[in-house]
Amino acid sequence: MQQDTLWQAVLGEIELSVSRGNFITWFKNTSLVSSQDGVVVIGVSNIFIKQSLEKKYTALFSEVLKKNGIEAENIEYKIISSTESSRITHQEKPVEIDRATGTTVVEADDSTEAKAKSGVLSHSYGQGLNERYTLDNFVVGDGNELAFAACQSISTQPGTKYNPLFLYGGVGIGKTHLIQAVGNAIRINNPKSKILYISTEQFVREFVQALRNRTTAAFASYYRAADVLIVDDIQFISGKDKMQEEFFHTFNTLHQANKQIIMSSDKPPKDIPTLEARLQSRFAGGMTIDMQIPDFETRCAIIETKAQDHGTHLNPEVIEYLATNINTNIRELEGALNQLMAWCEMRSIEPTLDLASNLLNINKTRPKHLSSKQVIERTARHFSVPFDDIVGPKRDKDIVVPRQVAMYMLRNELHLSFPKIAKELGRKDHTTAIHSVEKIQKEIQLDPTLRTAVAEIKESLYA
Ligand code: ADP
Ligand code: MG
C-alpha cells in the first residue's frame, strides 16, 4: 500500500518533467517492485522499455525517488508479466476471474482462438476492465449523479433503457471510472457476458492493423459479438473516415440486437469535428449526459474516501484545503493527495495544513504568462540582490540562498524540470537544482522567516 502511494507520487512527479508522449510510452505502466537497502527494483513490461529506461531515465528516477524520501544507490529494472505488475500496483488489471464464483470468465473460443485466427486482436473479452473502478467506490454528488444513476441502471439491465449511453465532460472528472465500473458491475451480475472495454485509440490502432493484414472481417465479427461495448474517449474517432464507417456498422449490429453500448467523450456528439452526421445522430440517440466536476462537498468526500482507502486519516482543514484549491480535475486532486500521503508516510508524520500547502504546488490563480525571468527577478528584488548575481557565478551566502529560493520558486510555481531550472540560473549541473529545491523545501518547515519570504515572493508574483 505504501509502495503504491509512493509510486503514484513518483510517477506524478515524472509526468511533470517529461513530455506526455514519453510518459505514456516509458513510465505509465511501470511499478515499484521493491525498495530495500538502497536497491530499488522497478517493474517494466518488456525488454524494450527496460533498455530505454536504463539508458536514459535512471538519473531521473533517482532524483524523483530522492525527492520522495528514497535514496536509491542502485536502480534495477525487472521485466514482469502484466498480472504480476497489477498485483504490485493494483492498476490496469485485466479482469479474468469472476469474483463471485472464482471461475475464469474468458472463454477459450472467445479469446485465444479468435485472437489467433485474426492475428490482430490483442485482447479478449473482459480484458481492459480494471477492477479498481467500481460503482461502490465512486463518490456520488452534484455534477455526476445523473451519470451515476444511468450507469447503475445499466449495470442491472444492460441494453434496455439507456442505449447508447454517451457521457461527456472535461478531463479527470470520472468518465473512465464510471464506464469501467459499469463493465465490472455487469460482469459480476452476469459473468458470462461478453464485455469489451476499449479506448478509441486502441480501437483505431487495431482497425488499422486489421486493414493492413486484411483481417477486417475478423475484427468486425469480434466486436459485433460483444454483449456490452464500452468505448472510451470516442472523440478520437474524429477525422478517421474508414473507422467511422466500420464503427457505424458495429454500432448498428449491436444496437439492433439490444446490446449495450457505452461511450465517453470530452465533448458532446455534435461538437466532435468531422463526425459523420449519421454517427452523430446514433451517438445522441440514447441518453447523453454532461458530467461536471463534482461540487466542493463531493470533492471533500472523494478525498476522505481515498485517504481512508489508504488507511490515512486527514483532518478536515487539510481535506477542505485540497478540495478548495484543486477544483477542476479529480485526477489532479488524487495526485496531490497521493503525493501528500507518500511524503508523510515516508517520514512517519501527520499531514497538516502547512505541509499540504507547502508540499503541493497548488495555486490556481497562477497566470499563464508568468516567465522564469519574472520569477527570478521578483526573488532577487525580495532579497535585494542584483538579478545578474543570482544567475552569475558568485557563491557568497547572501547570493546562494536567494538563488536556491529562486530555484524553489521555479519548481513550485512554474513546475519546471530540474535541468531547465539549472539552465535558467546559469548552472551546468541539474543536481544543484535538485539539492537547492529540496533544501528550501525542508527549511521552510523549520524556518518561519524563510517561510514568510517565500509567501511574500509568491504574493508579489500574483499581485
Ligand atoms: P476522465 O476519464 O473523466 O478523464 P477518470 O475517470 O480517469 O477521469 O478519473 C480520474 C481519477 O479520479 C480516477 O482515479 C477516478 O477514480 C477518480 N474519480 C473521479 N471521479 C470520482 C468520484 N466521483 N469518486 C471517486 N473517484 C473519482
Ligand atoms: Mg478517461
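Higher on the page you've got the structure.
Summarised in this report is the structure supplied together with it. (Residues numbered from 1 in each chain as written. Chains lettered and ligands numbered in written order. Predicted model: local features only at pLDDT ≥ 70, side-chain atom pairs only at ≥ 80, totals over all residues. Heavy atoms only, no water.)

What follows covers the overall build of the protein chain. When helices and strands are tallied, the protein chain shows 21 helices and 8 strands. Classification of the 463 residues of the protein chain by burial places 49% in the buried group. Residue pairs in contact within the protein chain that sit at least 24 positions apart in sequence constitute 72% of those at least 6 positions apart. On the protein chain, roughly 21700 Å² of surface is accessible, and the fraction owed to carbon and sulfur atoms is 50%. (Helix = DSSP H or I, 4+ residues; strand = E, 2+ residues; numbered from the N terminus. Buried < 20%, exposed > 50% of the residue type's maximum accessible area, 1.4 Å probe, protein only. Contact = heavy atoms within 4.5 Å. Areas by Shrake-Rupley, 256 points an atom, 1.4 Å probe, with all protein chains shown as cover.)

Okay, the site of ligand 1 next. Neighbouring residues of ligand 1: 19 residues in total, closest Val-139, Gly-172, Thr-176, His-177 and Glu-334. Within the backbone of Val-139, an N or O atom sits 2.8 Å from a nitrogen atom of ligand 1. The side chain of Arg-331 places a nitrogen or oxygen atom 2.8 Å from an oxygen atom of ligand 1. Surface burial for ligand 1 is 95%, taken as the share of its 560 Å² of free accessible area covered by protein chains. Looking at the shell around ligand 1, the elements that each hand over two or more residues are helix H7 (175–189), helix H12 (296–309) and helix H14 (330–347). Residue composition of the shell around ligand 1, grouped by class: 7 nonpolar, 7 polar and 5 charged. (Near = heavy atom within 4 Å. Polar contact = N/O pair within 3.5 Å; in protein donor to acceptor, adjacent residues only side chain to side chain. Nonpolar A, V, L, I, M, F, W, Y, C, P; charged D, E, K, R; others polar.)

Two side chains carrying opposite charge are able to pair once their charged atoms lie near each other. Per the stated rule, a full pass over the model turns up 16 salt bridges. For Asp-266, the salt bridge goes to Lys-267, with nearest N and O atoms at 3.0 Å. Among the salt bridges present, the one from Arg-278 reaches Glu-276, with a minimum N-O distance of 2.4 Å. Residue class for Arg-278 comes out partly exposed when judged on its relative accessible area of 29%. Take Glu-276: its relative accessible area is 23%, and that puts it in the partly exposed class. (Salt bridge = Lys/Arg side-chain N within 4 Å of Asp/Glu carboxyl O.)

On to the sheet that holds strand E5 (residues 195–199). Strand pairs in the sheet, formed through backbone hydrogen bonds, run parallel or antiparallel to each other. The strand order across the open sheet built from 5 strands is E5-E6-E7-E4-E8, with neighbouring strands paired in parallel fashion. Every interior strand has two partners, whereas the edge strands, E5 and strand E8 (287–290), have only one. Within the sheet, the average angular offset between the axes of one strand and its neighbour, ignoring direction, is 10°. Summarising the sheet, strand E4 (residues 165–168) and E8 pair through 4 bridges and their orientation is parallel. Among the inter-strand pairings, Tyr-168 is bridged to a residue of E8, identified as Asp-290. The sheet contacts of helix H8 (residues 200–213) involve E5 and strand E6 (228–232), and relative to E5 the element is tilted by about 95°. (Pairing = 2+ DSSP bridges. Axes fitted to C-alpha atoms, helices over the stretch in contact; angles between N-to-C directions.)

With that settled, the discussion passes to unusual backbone geometry. Outside of glycine, negative phi angles account for most residues, and trans bonds account for most peptide bonds. Note that the residue after Asn-163, namely Pro-164, is joined by a cis bond; omega there is 0°. Along the chain, the position of Pro-164 falls in the loop between helix H6 (145–156) and E4. In this structure, Thr-274 takes a positive phi of about 50° despite not being glycine. Position of Thr-274 among the secondary structure elements: in the loop between strand E7 (260–265) and helix H11 (277–283). Residue classification places Thr-274 among the exposed positions, given a relative accessible area of 54%.

One way to put it is that helix H16 (residues 372–382) packs onto helix H18 (residues 397–414) with a least axis distance of 9 Å and a crossing angle of 140°. Regarding the angle of H16 to H18, the classification is oblique. For the crossing formed where H16 meets H18, the hand is right-handed. Residues Ser-372, Val-375, Ile-376 and Thr-379 of H16 form the contact with H18, whose participating residues are Pro-402, Val-405, Ala-406, Met-409, Leu-410 and Leu-414. (Parallel < 35°, antiparallel > 145°, perpendicular 65-115°, else oblique. Left-handed = near helix turned anticlockwise from the far one by under 90°.)

Axis separation between helix H9 (residues 216–224) and helix H10 (residues 241–256) bottoms out at 9 Å; the angle between their running directions is 40°. Of the two elements, H9 crosses H10, and the hand of that crossing is right-handed. Contact with H9, carried on its side by Phe-219, Ala-220, Tyr-223 and Arg-224, involves Met-243, Glu-246, His-249, Thr-250, Thr-253 and Leu-254 of H10 and no other residues of that element.

Before going further, it helps to examine the sheet that holds strand E1 (residues 31–36). Taken in spatial order, the 3 strands line up as E1-E2-E3 in an open sheet, and their pairing is mixed. With partners counted over all chains shown, the strands left at the sheet margins are E1 and strand E3 (74–79), one partner each. Adjacent strand axes in the sheet meet at a mean angle of 20°, parallel and antiparallel pairs treated alike. Two strands pair when backbone bridges link them, and strand E2 (residues 39–44) and E3 are joined in this way by 6 bridges, in the parallel orientation. The partner of Gly-43 across the bridge, within E3, is Lys-78.

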